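Coordinates in review
Here's the letter readout for the chains.
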Amino acid sequence: MRSDLMQNAERNGEPGTFVLQNPRMLKVDLTGTGGHFFARQGAMVAYQGDVDFSYEGSGGVGKFFKKALTGEGMSLMKVSGSGDVFLARDADEIFLLELEDESVTVNGSNVLAFDSSLSWDIHRVEGASMLSGGLFNTTFTGRGVLAVTVYGTPVVLNVDTPTYVDMQSAVLWSTGLHSTIRKTAKMAAAIGRGSGEAYQLCLTGHGVVVVQASEGHPVPKA
């Protein structure tokens, strides 16, 4: 059979690594992952081999209560066994971050999968309050690979001057940055698409912030 489709043949990588098959699909070879890794529940699109998927919830009782109170966090599945697992989410673009004994703060809705060697927890963003809708993101720490999704090709901004980002567009930022919440002069100012347009995330210090080219997927009309 001949087809341009064959140009999208499976790509191979070193056992245990996360390999991008294309900009919108991730392949994880379970060999060498320490026996398992974690992925967003429902992200599996295909697999080969003897693979087990078990519901992981929010990652423990403490994280469960944090998720219930904050709305942040991921419904996770633990992926174990032997074989290859293919992951995707709404055809969003996927990017890999290799953490080397460092940490990064990520919007929980942008997390696709991560190595079991990474530790994570839910934290409230500094300066966020219930009035601003709260802002709780997930911090990953350690050594390993983290896969994130973005809706709309992102830009990486160097934060060497105060930087203001729409809360729904911020994908991740350096944990060392100081964050506050800025309120626009007029409550009704329509500078963003979502309900939180009156507030922006202000980041100061030295580091980077990744901003996606959208405020998330369009909300289906009733």
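Overview of the structure. Bear in mind that the values here come from a model prediction, so they are computed numbers and not experimental data.

1. A look at the overall build of the chain
Along the backbone of the chain there are one helix and 15 strands. Relative to its 222 residues, the chain shows a buried fraction of 45%. When the accessible surface of the chain is summed, it comes to about 11800 Å², and 53% of that surface belongs to carbon and sulfur atoms.

2. Looking at the nonpolar core
Residues Val104, Val106, Phe114, Phe140, Leu146 and Leu172 are the most contacted members of the largest nonpolar core, which totals 18 residues. Broken down by secondary-structure element, the contributors of at least two residues to this core are strand 6 (93-106), strand 7 (111-115), strand 8 (119-124), strand 9 (136-150) and strand 12 (170-174). Ignoring any residue separated from it by four or fewer positions in sequence, one finds Val104 in contact with Leu97, Leu99, Thr138, Thr139, Phe140, Leu146, Leu172, Trp173 and Thr175. Phe18, Phe37, Ala43 and Val51 belong to the second largest nonpolar core, which has 17 residues in total.

3. Quick look at the environment of Lys27
Secondary-structure assignment places Lys27 in strand 2 (residues 25-29). Look at Lys27 and you get buried, because its relative accessible area is 5%. Taking C-alpha positions, Lys27 is 9.1 Å from Ala88, a pair spaced 61 residues apart along the chain.

4. Considerations on the pairing of strand 14 (residues 199-204)
In terms of burial, strand 14 is a largely internal element, five of the six residues being buried. Both strand 11 (residues 163-166) and strand 14 contribute to a ladder of four bridges, which runs antiparallel. Bridge pairing in strand 14 links Asp166 to Gln200. Of the pairings in the sheet, the one linking strand 13 (residues 178-183) to strand 14 comprises six bridges and is antiparallel in character. Its bridge partner being in strand 14, Ile181 is matched across the sheet by Leu201.

5. Here's the deal with the pairing of strand 12
Taken across its five residues, strand 12 has four buried, putting it largely inside the fold. Where strand 6 lies against strand 12, three bridges are found, and the strand directions are antiparallel. Paired with Val104 across the two strands is Ser174, which belongs to strand 12.

Basis of the calculations
Numbers given to residues run from 1 along each chain, matching the order in which its sequence is written. Given that the model is predicted, a residue must reach a pLDDT of at least 70 before its local features are reported, and side-chain atom pairs must reach 80 or more before they are shown or counted; all residues, however, enter totals for whole chains, interfaces and linings. In computing side-chain properties, one takes all heavy atoms of the structure into account and sets aside hydrogens as well as water. Helix numbering and strand numbering both begin at the N terminus, where a helix is a DSSP run of H or I of at least 4 residues and a strand a DSSP run of E of at least 2. Type-normalised accessible area, obtained with a 1.4 Å probe on protein chains alone, sets the label of each residue: buried when under 20%, exposed when over 50%, and partly exposed for intermediate values. Using the Shrake-Rupley algorithm and a 1.4 Å probe, accessible areas are obtained, with residue cover drawn only from the displayed protein chains. In this text, buried Ala, Val, Leu, Ile, Met, Phe, Trp, Tyr and Cys residues form a nonpolar core when linked through side-chain atoms within 4.5 Å. Residue contacts follow a heavy-atom distance rule, with two residues in contact if any of their heavy atoms lie within 4.5 Å. Strands were regarded as paired on the criterion that DSSP finds at least two bridges between them.

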